[in-house]
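Listed below, chain by chain, are the residues.
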Amino acid sequence: MKRRVFLTRRLHDFALKKLKKKYQIEIHSGKIPIPKSKLRIKIKEVDGLICFPYDKIDKELIDLAKNLKVISTYSVGFDHIDTDYAKKNKIFVGYTPEVLTNATADLAFSLIIDVLRRVSEGDRIIRAGKWTEIYGAYDYVGLDLQHKTLGILGLGRIGSTLAKRARAFDMKIVYHNRMPISKTKEKLLGVNYVSFDKLILQSDIISIHVPHTNETDQLFNKKVFKKMKKSAFLINTARGKIINEKDLVIALKKKMIAGAALDVFQIEPINKNHPLTRIQNVVLAPHIGSSTKETREKMAEITIKNLEHGIRGKRPIYSVGY
Ligand code: DGY
């Protein structure tokens with residue numbers, strides 16, 4: 001009998017074809033994210049689960065998963081999964097790092113350019129038929145990237161790749177990590193370590209590249225916004241919950257900071273009436289950090305490999321906690 005696998009969303013056709021050869025698969029269609037009531041039923045029946053960042057796999061679901069060998073998430077982030085509890089229950093968790101490093105760093109950098117040069121804002125102006133209103137010498141000016149200080153919070157794979165992009169644009173780069181990287185690597189990347197406080201005080205642009213954990217939950221809140229430069233921009237391609245969104249809206253409205261560009265939100269998807277959609281100096285993207293054709297295909301490959309390993313009782317290629 002074929003082992004059973006459940007997918008909370010569709011993957012690429014090539015990946016589904018491979019999965020079908022080996023397993024009896026079922027794919028959720030309809031409302032996204034999958035309602036928990038449905039996941040409760042499905043997780044009881046299967047040996048493998050393929051999930052996505054919006055699917056919260058908590059203790060309650062893991063307790064129901066009597067046959068489950070592996071949870072394979074189509075993402076580098078795994079804060080939606082109770083990985084400790086999965087491990088306790090001898091369930092592997094696979095994820096997809098590395099392959100999305102360039103795509104996510106590219107998106108972060110494109111958001112920096114966009115919000116400083118007001119590209120999306122200009123697009124909105126044209127679509128609203130208001131181009132003729134912004135032709136004066138002082139109208140609609142953006143800012144140079146050159147010589148601005150970019151503060152990278154989290155100099156891991158994506159943060160380091162962003163640093164390379166920023167260097168090519170002659171930016172000054174400071175970073176904060178739990179531990180500084182080696183002096184040799186700092187030199188190679190052209191970055192300087194600073195404390196978190198210095199990072200928020202000195203940076204013209206702050207880009208977030210840390211995972212969402214208890215430590216980073218709502219790390220960017222009104223206290224931090226008060227300390228940031230009034231001319232500073234905040235970029236987030238990591239996880240929405242690292243920012244207190246209500247405080248951010250106030251900070252933007254009161255001009256405590258100059259702008260923000262966000263690919264991730266506290267609750268996704270946000271709707272068109274979200275307060276952030278009514279603020280001009282904000283660029284909003286629909287969680288597309290890893291969303292290039294090439295990257296998404298590689299992520300699908302790894303997701304199914306992780307699943308195959310886990311179902312065979314082997315550690316996934318990219319495994320959390322083992
Ligand atoms: C991830 O993989 O965690 C990214 O946020 C894209 O979903």
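Reading the values: the criteria
Residues numbered from 1 in each chain as written. Predicted model: local features only at pLDDT ≥ 70, side-chain atom pairs only at ≥ 80, totals over all residues. Heavy atoms only, no water. Axes fitted to C-alpha atoms, helices over the stretch in contact; angles between N-to-C directions. Helix = DSSP H or I, 4+ residues; strand = E, 2+ residues; numbered from the N terminus. Parallel < 35°, antiparallel > 145°, perpendicular 65-115°, else oblique. Left-handed = near helix turned anticlockwise from the far one by under 90°. Contact = heavy atoms within 4.5 Å. Nonpolar A, V, L, I, M, F, W, Y, C, P; charged D, E, K, R; others polar. Domains from an automatic or database assignment. Buried area = accessible area lost by both parts, 1.4 Å probe. Salt bridge = Lys/Arg side-chain N within 4 Å of Asp/Glu carboxyl O. Polar contact = N/O pair within 3.5 Å; in protein donor to acceptor, adjacent residues only side chain to side chain. Near = heavy atom within 4 Å. Areas by Shrake-Rupley, 256 points an atom, 1.4 Å probe, with all protein chains shown as cover. Buried < 20%, exposed > 50% of the residue type's maximum accessible area, 1.4 Å probe, protein only.

1. What about the packing of helix H5 (residues 101-117) against helix H7 (residues 157-168)?
Where H5 meets H7, the closest approach of the two axes is 8 Å, and the angle between their N-to-C directions is 50°. Relative to H7, H5 is oriented oblique. As for how H5 packs across H7, the hand of that crossing is right-handed. Residue-level inspection shows Thr 101, Asn 102, Thr 104, Ala 105, Asp 106, Ala 108, Phe 109 and Ile 112 of H5 in contact with H7, the latter providing Arg 157, Ile 158, Thr 161, Leu 162, Arg 165 and Ala 166. Looking at the contact of H5 with H7 residue by residue, the classes come out as 7 nonpolar, 4 polar and 3 charged.

2. Quick word on the domain arrangement of the protein
For the protein, the assigned domains read domain 1 (3-98 + 293-311) and domain 2 (101-284). Counting from both sides, the interface comprises 7 residues of domain 1 and, opposite them, 6 residues of domain 2. Between domain 1 and domain 2 the total buried area reaches about 680 Å² when both faces are included, carbon and sulfur atoms providing 44% of it. Of all residues in domain 1, Tyr 54, Asp 79 and Glu 98 give up the largest surface area on contact with domain 2, accounting jointly for 66% of the area buried on that side. The interface formed by domain 1 and domain 2 holds 2 salt bridges in total. Between Arg 157 and Glu 98 there is a salt bridge whose closest N-O contact spans 3.4 Å. Seen at the junction of domain 1 and domain 2, the total is 5 residue pairs in polar contact (both at pLDDT 80 or more). Here the side of domain 1 that touches domain 2 is built from residues that sort into 3 nonpolar, 2 polar and 2 charged.

3. Section: the site of the ligand
For the ligand, the full set of nearby residues is Pro 53, Ser 75, Val 76, Gly 77, Leu 100, Arg 239, His 287 and Ser 290. Here an oxygen atom of the ligand and a backbone polar atom of Gly 77 are 2.8 Å apart. Here an oxygen atom of the ligand sits 2.7 Å away from a polar atom, N or O, in the side chain of His 287. In isolation the ligand exposes 230 Å². Once the protein is present, 91% of that is buried. Tallied by class, residues from the shell around the ligand come to 3 nonpolar, 4 polar and 1 charged.

4. Remarks on the pattern of salt bridges
Counting across every chain of the model gives 22 salt bridges. Residue Arg 10 pairs with Asp 13 through a salt bridge whose shortest N-O separation is 3.3 Å. Overall, Arg 10 belongs to the exposed group, its relative accessible area being 54%. Lys 36 serves as the salt-bridge partner of Asp 58, at 2.6 Å between the closest nitrogen and oxygen. With Asp 58 in the loop between strand S3 (48-51) and helix H3 (59-64) and Lys 36 in helix H2 (residues 36-45), the pair connects residues that are 22 residues apart, well separated along the chain. A relative accessible area of 19% means that Asp 58 is categorised as buried. Look at Lys 36 and you get partly exposed, because its relative accessible area is 29%. Shared partners join several salt bridges into a network, and the residues in it are Arg 4, Glu 26, Lys 42 and Glu 45.

5. Description of the packing of helix H1 (residues 13-22) against helix H12 (residues 293-311)
Each pair of packed helices gets described by two things: the angle between the helix axes and the distance between those axes. Relative to each other, H1 and H12 sit at 15°, their axes nearing to 9 Å. Here H1 lies roughly parallel to H12, going by the angle between them. As H1 packs across H12, the resulting crossing turns out to be right-handed. The residues of H12 that touch H1, namely those facing Phe 14, Ala 15, Lys 18, Leu 19 and Lys 22, are Glu 297, Ala 300, Glu 301, Ile 304, Leu 307 and Glu 308. Here the residues of the contact of H1 with H12 are counted per class, giving 6 nonpolar, no polar and 5 charged.

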